[in-house]
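Chain and residue survey
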Amino acid sequence: MRKRSRFKLFTYLALAGLITLVFFAFNSLVFDPSVPGNSPISKELYKVISPSTYRFILNQPEVCEKKTPFLILMIPVTLKDAEARTAIRRTWGQDGLVPGVSILHLFVVGQPARSDPVLQEHLQKESKEHGDIIQMDFVDSYQNLTIKTMMIMNWVATYCQSAWYAMKIDADIFLNVHYLVDYLHGQGESRKDYITGSVISDAIPHRDSINKWYISEDLYPKSWYPPYVSGAAYVFSTDLAGKISWASRFVQPIPLEDVYVGLCLDVLGVKPVYATQFLGLRNLFEVRRLKYERCTFATRIIVNGFKPKYLIRIWHDFQKSHFAC
Ligand SMILES: *[C@@H]1O[C@H](CO)[C@@H](O)[C@H](O)[C@H]1NC(C)=O
């Protein structure tokens, strides 16, 4: 009798344990305690931005193993942007620009909608020569920039966690590398959950279908956007790459890649930091177009809107800014 009740007790305990276990397992599958109010998007939707959907055609898995970069520049371009790639390699993307600070750059390419074997062959050659191109098999288009951005996040999280910072920067940008390095050094220990750029904090969705940034209510029903950094160029601590990648499981893909990153940051509870000087009066990530003037450019991290030829032309003069501004 006693033996039997002890046996019963044991069974009850085991059962209770099992139920608790199943309950918690179920709970953590369905509700993630760290993201209150967020539920995962459907499998079909997630497939669009999931890294496991796409394959590498070209990859550089070892660039961050050879050296621990302070900063890795991730530059979205298309197959045909060879001239822009050359200009960047000769200007702000060149090796050894800041003595003692390791900075790498990588161009990120998709595939053209209609395959172009000649251009593809050129790209393969260029990749062999410079070792700075990664290519994946999604269709390279304006609407697919969100996919490209998420592949950048995934790449940094997978292959370059050793870097302190990563920067997503468009090819038509002027980048003042020295100023950026000084600025980041000045940020001290803020190497976690850190993202900075030109912060847009009060944007609302455009519902007018001819607007360049149009978004339907089906895709995005809310009437406001969380703060986000302009997609032209932004810098983040590399820990965020994996976190943003993870957060995308909760955010329906939209074709506005910078807003999309903002929505992922919102899931994570991370606020982008505005990079300014003079009591917030000067935006260091200049997203307006500015006429080139050596000493004005010396006080910005980026300036927007540069054709490759013009970038090369001003670069030589800009080198004088170190001692002449
Ligand atoms: C985006 O990329 C996917 C995957 O390659 C492709 O199926 C789709 O057609 C692309 N969309 C656009 C608008 O280019």
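Please refer to the structure higher up on the page.
This section reports on the structure supplied with the text. Every value quoted in this text rests on a predicted model; they were computed, and no experiment measured them.

The rules behind these values
- Residues numbered from 1 in each chain as written.
- Predicted model: local features only at pLDDT ≥ 70, side-chain atom pairs only at ≥ 80, totals over all residues.
- Heavy atoms only, no water.
- Near = heavy atom within 4 Å.
- Polar contact = N/O pair within 3.5 Å; in protein donor to acceptor, adjacent residues only side chain to side chain.
- Areas by Shrake-Rupley, 256 points an atom, 1.4 Å probe, with all protein chains shown as cover.
- Phe/Tyr/Trp six-rings, centres within 6.5 Å; stacked < 30°, edge-to-face > 60°.
- Helix = DSSP H or I, 4+ residues; strand = E, 2+ residues; numbered from the N terminus.
- Buried < 20%, exposed > 50% of the residue type's maximum accessible area, 1.4 Å probe, protein only.
- Axes fitted to C-alpha atoms, helices over the stretch in contact; angles between N-to-C directions.
- Parallel < 35°, antiparallel > 145°, perpendicular 65-115°, else oblique.
- Contact = heavy atoms within 4.5 Å.
- Nonpolar A, V, L, I, M, F, W, Y, C, P; charged D, E, K, R; others polar.
- Expected span 1.5 Å × (residues − 1).

Some words on the site of the ligand
Contacts to the ligand come from Y54, F138, V139, S141, Q143, N144 and I147. At a separation of 2.9 Å, an oxygen atom of the ligand approaches a polar backbone atom of V139. In the model, an oxygen atom of the ligand is placed 2.7 Å from a nitrogen or oxygen of the S141 side chain. Here the ligand loses 54% of its free accessible area of 360 Å² to cover by the protein chains.

Some words on the packing of aromatic side chains
For the structure shown, the criterion picks out 18 aromatic pairs. Ring plane angle 90 degrees and centroid distance 4.9 Å describe the contact between F174 and F318, whose orientation is recorded as edge-to-face. Of the two residues, F174 is situated in strand 6 (residues 173–175) and F318 in helix 11 (residues 308–318); the sequence distance between them amounts to 144 residues. In terms of burial, F174 and F318 fall into one category: buried. For the pair Y292 and F297, a centre-to-centre distance of 5.0 Å together with 80 degrees between the ring planes defines the contact as edge-to-face. An aromatic cluster is defined as three or more aromatic residues linked by ring pairs; in this entry it consists of F174, Y292, F297, F306, Y310, W315 and F318.

Concerning the packing of helix 4 (residues 82–90) against helix 5 (residues 117–130)
Close contact between helix 4 and helix 5 brings their axes to 12 Å; oriented N to C, the two are set at 10 degrees. One finds that helix 4 runs roughly parallel with respect to helix 5. From helix 4, A82, R85 and R89 reach across to helix 5, where they touch L123, E126 and H130. Counted by class, the contact of helix 4 with helix 5 contains two nonpolar, one polar and three charged residues.

Some remarks on helix 9 (residues 257–268)
Between the first and last C-alpha of helix 9 there are 17 Å, a value that for 12 residues agrees with the 16 Å anticipated at 1.5 Å per step. All of the buried residues along helix 9 are E257, D258, V259, Y260, V261, G262, L263, C264, L265 and V267. Packing partners of the buried residues in helix 9 comprise helix 2 (43–49), helix 6 (145–159), strand 5 (165–169), strand 7 (195–200), strand 8 (228–237) and helix 8 (239–247). At the exit of helix 9 stands G269, carrying a positive phi of roughly 70 degrees.

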